[in-house]
Amino acid sequence: MDFNLTEEHIMIRDAARDFAQTELLPGVIERDNKQEFPQELVRKMGDLGFMGIMVDPKYGGSGMDAISYVLVMEELSKIDASASVMVSVNNSLVCYGLETYASEAQKQKYLTKLATGEFIGAFCLSEPEAGSDATSQATTAIDKGDHYLINGTKNWITNGGRSDVYLVIAQTDREKGHKGINAFIVEKGTPGFHIGPKEDKLGIRGSDTHTLQFNDVKVPKENRIGEDGFGFKFAMKTLSGGRIGIAAQALGIAAGAYELSLKYSKERKAFGTEICNHQAIAFKLADMHTDIEAARMMVMKAAWDKDQGNNYDMSSAMAKLYASKIAMEHTVEAVQIHGGNGFVKDYHVERLMRDAKITQIYEGTSEIQKIVISRGIIKG
């Protein structure tokens, strides 16, 4: 057992940290206020290899491991969770899903552009009546022989307005239940495919979240991913990896709030001394540091499991459950440590508190994570 990072891991972590500090930090408050999608910053992340971290270099990716991925996610999320969720979706859901399950022709056509950041991808599973219950897909894909005809609505789609490629989960045969669900690659601009207004969100306001509508959208047979009926398994397997990314995002949000709080507590004085010298604040910092270290170990373990080829369903669920919990708790504490200053935007912690909440909701709510964990425990 070795808890040391390799030289390569340290290099990628430091590169992500430097990018976050020099490129993401300036303007992050303004982007949050204006709900701006950082298009230019995403292009730069693509140039650094952050949009296809784990993708094989033969498809244009960086060819790194899952530990490298979570290191990047943590550093970006300390500063701008809106930018990091774009990285997470493109890596964990879109690139991973295509590299693992798509045909070679699909990889050559789409993955090669997604891995470099030339294209941006979106993962379209959630619907108005199908959030946690992913088997209740109302979106249909009717087999028309040489193509499918897709109709339905998808909600809360990250990268929804700016993506070039959409992985769409739809019901082909309702009588087969979840075995009648398929996954499709849909290109932006396909006739009948409409992008709804941008959502006005509590947090991650710089990310691009939309409702998507499909009205008789014609998708060729060659754009189906895997065999007929593979769509639900595709979605669940892909989301297991996605949870590692969101766990790392939650970890980064918590760590960012802690670092700001520690710095502030050494500068702010009350009752004749820096507030870090008061036990009430010192104990908050101790709790934050301890919980963040524990979350980091869980996130790293889940990433390690993935790298080793182990089953990571439970480790990713536990990492996401715990990291999102402490992100929410300790961003609230960060605001408390900052006092009145924590309630204004200039000090960043109120944004991190708003950003933290979504990590308990998307890519499987905390309640869903407990279902995954408890089933794993009971089945042994």
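Residues numbered from 1 in each chain as written. Predicted model: local features only at pLDDT ≥ 70, side-chain atom pairs only at ≥ 80, totals over all residues. Heavy atoms only, no water.

A.B. asks: How should the packing of aromatic side chains be read in this particular structure?
C.D. replies: Aromatic ring pairs: the centre-centre distance and the angle between the two ring planes describe each pair. The final tally for this structure, using the stated rule, is nine aromatic pairs. For the ring pair tyrosine 166 and phenylalanine 193, a centre distance of 4.8 Å and an interplane angle of 85° mean the geometry is edge-to-face. Residue tyrosine 166 is located in strand S4 (residues 165-171), and its partner phenylalanine 193 is located in strand S6 (residues 193-198); the two are separated by 27 residues in the primary sequence. Of the two residues, tyrosine 166 and phenylalanine 193, neither departs from the other in class, the shared state being buried. Aromatic pair phenylalanine 193 and phenylalanine 214: ring centres 4.8 Å apart, planes at 5°, arrangement stacked. Placement of phenylalanine 193 in strand S6 and of phenylalanine 214 in strand S7 (residues 209-220) is noted, with a sequence separation of 21 residues between them. For the pair shown, phenylalanine 193 and phenylalanine 214 are each scored as buried. Through successive ring pairs, a cluster of aromatic residues spans Tyr101, Phe123, Phe230 and Phe234. Over the ring of phenylalanine 119 we find lysine 113, and its NZ or CZ is 5.8 Å from the ring centre. (Phe/Tyr/Trp six-rings, centres within 6.5 Å; stacked < 30°, edge-to-face > 60°. Helix = DSSP H or I, 4+ residues; strand = E, 2+ residues; numbered from the N terminus. Buried < 20%, exposed > 50% of the residue type's maximum accessible area, 1.4 Å probe, protein only. Lys NZ or Arg CZ within 6 Å of the ring centre and 35° of its normal.)

A.B. asks: Would you explain the domain arrangement of the chain in this entry?
C.D. replies: Reports often express the size of an interface as the amount of accessible area lost when the parts come together. Here the domain parsing of the chain yields domain 1 (7-120), domain 2 (122-231) and domain 3 (237-379). Each of domain 1 and domain 2 has a C-alpha centre, and the two are 22 Å apart. Opposite the 25 residues of domain 1 that make contact, domain 2 presents 26 residues. The largest contributions to the domain 1 side of the interface with domain 2 come from Gln35, Tyr110 and Ile120, which together make up 30% of the buried area. One can count one salt bridge joining domain 1 with domain 2. A salt bridge links lysine 109 to glutamate 187; its shortest N-O distance comes to 3.4 Å. Of all the elements in the fold, those that place two or more residues in the side of domain 1 that touches domain 2 are helix H2 (28-34), helix H5 (81-101) and helix H6 (104-114). In terms of residue count, H5 provides more of the side of domain 1 that touches domain 2 than any other element does, nine residues in total. In the side of domain 1 that touches domain 2, the residues fall into 15 nonpolar, five polar and five charged. (Domains from an automatic or database assignment. Contact = heavy atoms within 4.5 Å. Buried area = accessible area lost by both parts, 1.4 Å probe. Salt bridge = Lys/Arg side-chain N within 4 Å of Asp/Glu carboxyl O. Nonpolar A, V, L, I, M, F, W, Y, C, P; charged D, E, K, R; others polar.)

A.B. asks: Looking at this model, I keep getting lost on the UniProt feature "domain: Acyl-CoA dehydrogenase/oxidase C-terminal" (unreviewed entry) in the chain. Mind explaining?
C.D. replies: Residues annotated in UniProt with the feature "domain: Acyl-CoA dehydrogenase/oxidase C-terminal" (unreviewed entry) correspond here to residues 231-377. Across residues 231-377, helical content stands at 78% and strand content at 3%; the span's end C-alpha atoms are separated by 26 Å. (UniProt positions renumbered as here; feature names shortened; annotations may be inferred.)

A.B. asks: Just to check I follow, could you spell out the state of the cysteines for this structure?
C.D. replies: The bond known as a disulfide is covalent and runs between the sulfur atoms of two cysteines. Applying the stated rule across the entire model yields zero disulfides. The structure places no disulfide on cysteine 95, whose sulfur is separated from the nearest cysteine sulfur, that of cysteine 124, by 15 Å. The class for cysteine 95 is buried, based on a relative accessible area of 1%. (Disulfide = S-S within 2.5 Å.)

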